[in-house]
Protein chains: 4
Amino acid sequence: MSRYQSLKEECFEANLKLPALDLVIYTFGNVSAVDRSKGVFAIKPSGVDYATLRPDDIVIVDFDAELVEGSMRPSSDTKTHAYLYKRWPEIGGISHTHATYSVAWAQAQMDIPIMGTTHADHLPSDIPCSPPMSDELIKGDYEHMTGQQIIDCLHEKGLKYQEVEMILLGNHGPFTWGKDAAKAVYNSKVLEELARMAFLTLQINPKAPRLKQALIDKHYWRKHGANAYYGQENFEK
Amino acid sequence: MSRYQSLKEECFEANLKLPALDLVIYTFGNVSAVDRSKGVFAIKPSGVDYATLRPDDIVIVDFDAELVEGSMRPSSDTKTHAYLYKRWPEIGGISHTHATYSVAWAQAQMDIPIMGTTHADHLPSDIPCSPPMSDELIKGDYEHMTGQQIIDCLHEKGLKYQEVEMILLGNHGPFTWGKDAAKAVYNSKVLEELARMAFLTLQINPKAPRLKQALIDKHYWRKHGANAYYGQENFEK
Amino acid sequence: MSRYQSLKEECFEANLKLPALDLVIYTFGNVSAVDRSKGVFAIKPSGVDYATLRPDDIVIVDFDAELVEGSMRPSSDTKTHAYLYKRWPEIGGISHTHATYSVAWAQAQMDIPIMGTTHADHLPSDIPCSPPMSDELIKGDYEHMTGQQIIDCLHEKGLKYQEVEMILLGNHGPFTWGKDAAKAVYNSKVLEELARMAFLTLQINPKAPRLKQALIDKHYWRKHGANAYYGQENFEK
Amino acid sequence: MSRYQSLKEECFEANLKLPALDLVIYTFGNVSAVDRSKGVFAIKPSGVDYATLRPDDIVIVDFDAELVEGSMRPSSDTKTHAYLYKRWPEIGGISHTHATYSVAWAQAQMDIPIMGTTHADHLPSDIPCSPPMSDELIKGDYEHMTGQQIIDCLHEKGLKYQEVEMILLGNHGPFTWGKDAAKAVYNSKVLEELARMAFLTLQINPKAPRLKQALIDKHYWRKHGANAYYGQENFEK
């Protein structure tokens, strides 16, 4: 048995969530899970249908995207995952989909404005959309530069990857991350729902206002940080 | 066995309806059920996924939101439920969701206009949307004041909670209620469908008229009150 | 066993199709089936959920909407069905739903324009939407007058009920009919799909043209009438 | 057993995918599969519901649409399929649906603009929409001329059928094709998803830009042609 068996299982389970949550059709997505103690991550093989995917198909690569274990070619987006794992020490999983509403906002090249408490429950800012890459970079090491594009976009907008666990790549689609692969997939689903709510809101009222700062703070911090009182952590009767 | 066992079961069953009716993803909602003879209500624990929720996880609290029985922290919205149970003696259940179309109207900060008989079959007015709370109140006892916000909004619009069993909290989402928890959930589903119909209607015809008063009266009163002739109550062959 | 047993079964099966085809939630619809040799029709009881409906719950009434057999109150729309059966000798079933897109067009008070061959495969004209009833008639024998409203609307627009098997009641929703109850339900589903296609078409291109007459004729008549060559009728190798 | 048994099975399986992938209701579509060595293709019989369709119902015809084997009338669109098989030697399957978003763009009489990488992963141009046929041709050999209409539209727009495996027939709906029937159905599903994404994108931002050429080239050619590095073909560790 592989020494990466449990990592492969985690990655496999998280990948299967994508079609179950209606986030992908066919092979339109990939999830990875990291094991920092071993310096590797597990990722979906390229172009394999979720219906036939098995745990042993999962590929193990290092943080330079070099193959460590596996008989299949890893996802074509592997270098993007590697770039982020190398630079963001606090994340444990990454998810990439072509979910419909998320892609629509990415194609519109617009940030998703924060307009409600559902959004503020998850992140305290708009959901950033990166501008398209320059032609020169596209023709170069494209998937590697996609990682840099993500980090640059967050940096320019003054966002922390520990708080804003999602981004839209302009004209492409969403990348999300989190403490593990399951949380990254959770964020993909939440992003898709926020994208749908924001779309509908602006259809109903094109002048719908941004959420006021007091509500952003209230909802974000009641679920995050030391003074959170949502969920079952730190609960004392 | 707990003396609140049947109340917990009622609350549990009603909570499970939320994902079954496509009204929530993950933990985006909560339902409560009251037992007025015992002066308590049962409510979903905070942040627990519907897939793993068990009847024994349901928390019992009193009308001041104080814990009576249970090993888990109750929903972060518990004080809102408590506020309403204390002031509205005729309700038996409350449901709160982040259903997509309902949230979109709440984010648009607009009442849902009454435009058809499906709407009038359930309530004789627009579905009210409360304005956002003041910053001062948000930073204070937020969930408690949310209950007051609901009651104030109905009062200002001249609506009775016995007739209008639903409201949108501006920028947040829907709260619904009814004679028991099942009816509160029913109202959540009906509200979501009315929100979707109204959205589509105004997309098709932005000048679509309000339903004429004669049809509001006809449809509302053929299903409600002493002269109703819908359903099987008071049926004599 | 009732002498209307097979009629009740036909009506029961057709009613169950409504939730299965996503045309209704809860009790938002009713289907009837006629037996002209016995001068009666079978219809859903009022306010009964589809999940608990049994064949024996189906109510038998005559063409004046008088109860013939059954222990439950028939649908509140029974007089509308009776009115149509009495005046349209060639129909065998009627279906009424509150399907979302159909209702949205009804609330918009607009005919659904014929814009594609999917539409022309089923009827050779726009789908008519009746104007709202006068206040006087609403306050009178409302459900009876709803039947007259349907017939008047078709008459005024010069449409034949044998060709146009569907209508939208302004501010209310769709009624459809056909040679039997199953065909009436089929028409409810087709109408909902045509309503959705027309909505999307006009969102994409508000100036989308009406289907040219040559295509209306080609598609309608290749499926209907003596020279039809669609389906398996009159097929000779 | 028929000498066309395996061809019928392939055609049957591909047809069943249409309702499973939510691309058709009732009988709104048909798929065919070719056997070029035998000079025939298999196609769905006309007007038969997918729920009752059996492999033996599949009809075998030649490239002039003449019946070779089968007891049922072939699809009313058979001549269109025959026309394409005769002229396009590299295709193995054809799929025709009335999928909702694809039809909406066809009814809008607009090409679907290429606005994202999901689109460029599959084809390097807009998805063409043919103009309506002349009245004269409609009244003539309509289904035969529909084949010519498809080939003319691709020719006029300078597109290759080996690269652009999908088209919208103005006011009608989509035809897609591919190396076999399964790939043709895959293309029907992808087209429907691209149609939905493009619709949403333009609703969010009516001025959303076309995808830049460098990204079209990058995404199309990383999945197609000799230098592709997507999927498992030509993978060497």
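Below: a short report on this structure. (Residues numbered from 1 in each chain as written. Chains lettered and ligands numbered in written order. Predicted model: local features only at pLDDT ≥ 70, side-chain atom pairs only at ≥ 80, totals over all residues. Heavy atoms only, no water.)

This paragraph deals with the interface of chain B and chain C. With 37 residues of chain B in contact, the opposing surface of chain C contributes 38 residues. Between chain B and chain C, roughly 3,300 Å² of surface is buried when both sides are summed, and carbon and sulfur atoms account for 59% of that area. Linking chain B with chain C are three salt bridges. In this structure, Arg222 of chain B and Glu143 of chain C form a salt bridge, with 2.5 Å as the shortest nitrogen-oxygen distance. In this assembly, chain B and chain C are joined by 21 residue pairs in polar contact (both at pLDDT 80 or more). Ranked by residues supplied to the side of chain B that touches chain C, first place goes to helix α7 (residues 181–204) of chain B with twelve residues. (Contact = heavy atoms within 4.5 Å. Buried area = accessible area lost by both parts, 1.4 Å probe. Salt bridge = Lys/Arg side-chain N within 4 Å of Asp/Glu carboxyl O. Polar contact = N/O pair within 3.5 Å; in protein donor to acceptor, adjacent residues only side chain to side chain. Helix = DSSP H or I, 4+ residues; strand = E, 2+ residues; numbered from the N terminus.)

With an RMSD of 0.0 Å, chain B superimposes on chain C once it is rotated by 90° and translated 0.0 Å along the axis. Taken together, the rotation and translation relating the two chain copies correspond to the operation of a four-fold axis. Among all C-alpha atoms of chain B, that of Gln203 of chain B lies closest to the rotation axis, at 5.6 Å. Take the interface residues of chain B: only 3% of them recur as interface residues in chain C, which is what a contact between different surfaces looks like. (Least-squares fit on C-alpha atoms with pLDDT ≥ 70 in both.)

Where charged atoms from two side chains of opposite charge approach closely, those side chains can pair. Scanning the model with the defined rule gives 56 salt bridges over all chains in all. A salt bridge links Asp77 of chain D to Arg222 of chain C; the shortest N-O distance between them is 3.4 Å. Remark: Arg222 of chain C occurs in helix α8 (residues 213–223) and Asp77 of chain D occurs in the loop between β4 (67–69) and α2 (78–87); the pair is interchain, linking two chains. The same class applies to Asp77 of chain D and to Arg222 of chain C, which are both buried. (Buried < 20%, exposed > 50% of the residue type's maximum accessible area, 1.4 Å probe, protein only.)

Overlaying chain A with chain B gives an RMSD of 0.0 Å, the required rotation being 90° about an axis along which the chain moves by 0.0 Å. Comparing interface residues between copies, only 3% of those in chain A also sit at the interface in chain B, which points to a heterologous contact through distinct surfaces.

Residues and elements named next belong to chain A. Residues Val40 and Ala42 line one face of strand β2 (residues 40–43) and the alternating positions Phe41 and Ile43 line the opposite face, and both faces are buried. Strand direction decides the pairing type here: strand β1 (residues 29–35) and β2, joined by four bridges, are antiparallel. Within the sheet, the bridge partner assigned to Ser32 lies in β2 and is Ile43. Between the antiparallel neighbours β1 and β2 lie four residues, among them Gly39 with a positive phi of about 70°. (Pairing = 2+ DSSP bridges.)

Take the interface of chain A and chain B next. Between chain A and chain B, the residue contacts involve 37 residues of the former and 38 residues of the latter. Interface area, chain A with chain B, both sides summed: about 3,300 Å², of which 59% is carbon and sulfur. In this structure, the connection of chain A to chain B is made through three salt bridges. Applying the counting rule to chain A against chain B returns 21 residue pairs in polar contact (both at pLDDT 80 or more). Within the residue set of the side of chain A that touches chain B, elements represented by two or more residues are α4 (117–120), α7 (181–204) and α8 (213–223) of chain A. Among the elements that make up the side of chain A that touches chain B, the one with the highest residue count is α7 of chain A (twelve residues). Its residues placed into classes, the side of chain A that touches chain B shows 17 nonpolar, eleven polar and nine charged. (Nonpolar A, V, L, I, M, F, W, Y, C, P; charged D, E, K, R; others polar.)

Glancing now at helix α3 (residues 100–108) of chain D. Burial of α3 of chain D is extensive: nine of the nine residues sit out of reach of the surface. Among the residues of α3 of chain D, those classed as buried are Thr100, Tyr101, Ser102, Val103, Ala104, Trp105, Ala106, Gln107 and Ala108 of chain D. Residues of α3 of chain D that are buried in the fold lie against α4 (117–120) and α7 (181–204) of chain C together with β6 (129–130), β7 (166–169), β8 (174–178) and α7 (181–204) of chain D. Directly beyond the C-terminal end of α3 of chain D, a positive phi value near 55° is found at Gln109 of chain D.

The next thing to look at is the sheet that holds strand β8 (residues 174–178) of chain B. Residues and elements named next belong to chain B. Here we have eight strands laid out as an open sheet, ordered β4-β3-β2-β1-β5-β8-β7-β6, and mixed in their pairing. In this open sheet, the two edge strands, each paired with only one partner strand, are β4 (67–69) and β6 (129–130). Bridge count between strand β3 (residues 59–62) and β4: two bridges; the pairing is antiparallel. By the bridge assignment for β4, Val61 is matched with Leu67. Each of β1 (29–35), β2 (40–43), β3, β4 and β5 (93–97) touches helix α1 (residues 5–20); the most contacted strand, β1, lies at about 155° to it. Running over the sheet, helix α3 (residues 100–108) touches β6, β7 (166–169) and β8 and is turned about 55° from β7. (Axes fitted to C-alpha atoms, helices over the stretch in contact; angles between N-to-C directions.)

Read these as layout, nothing more, since geometry by itself doesn't imply function.
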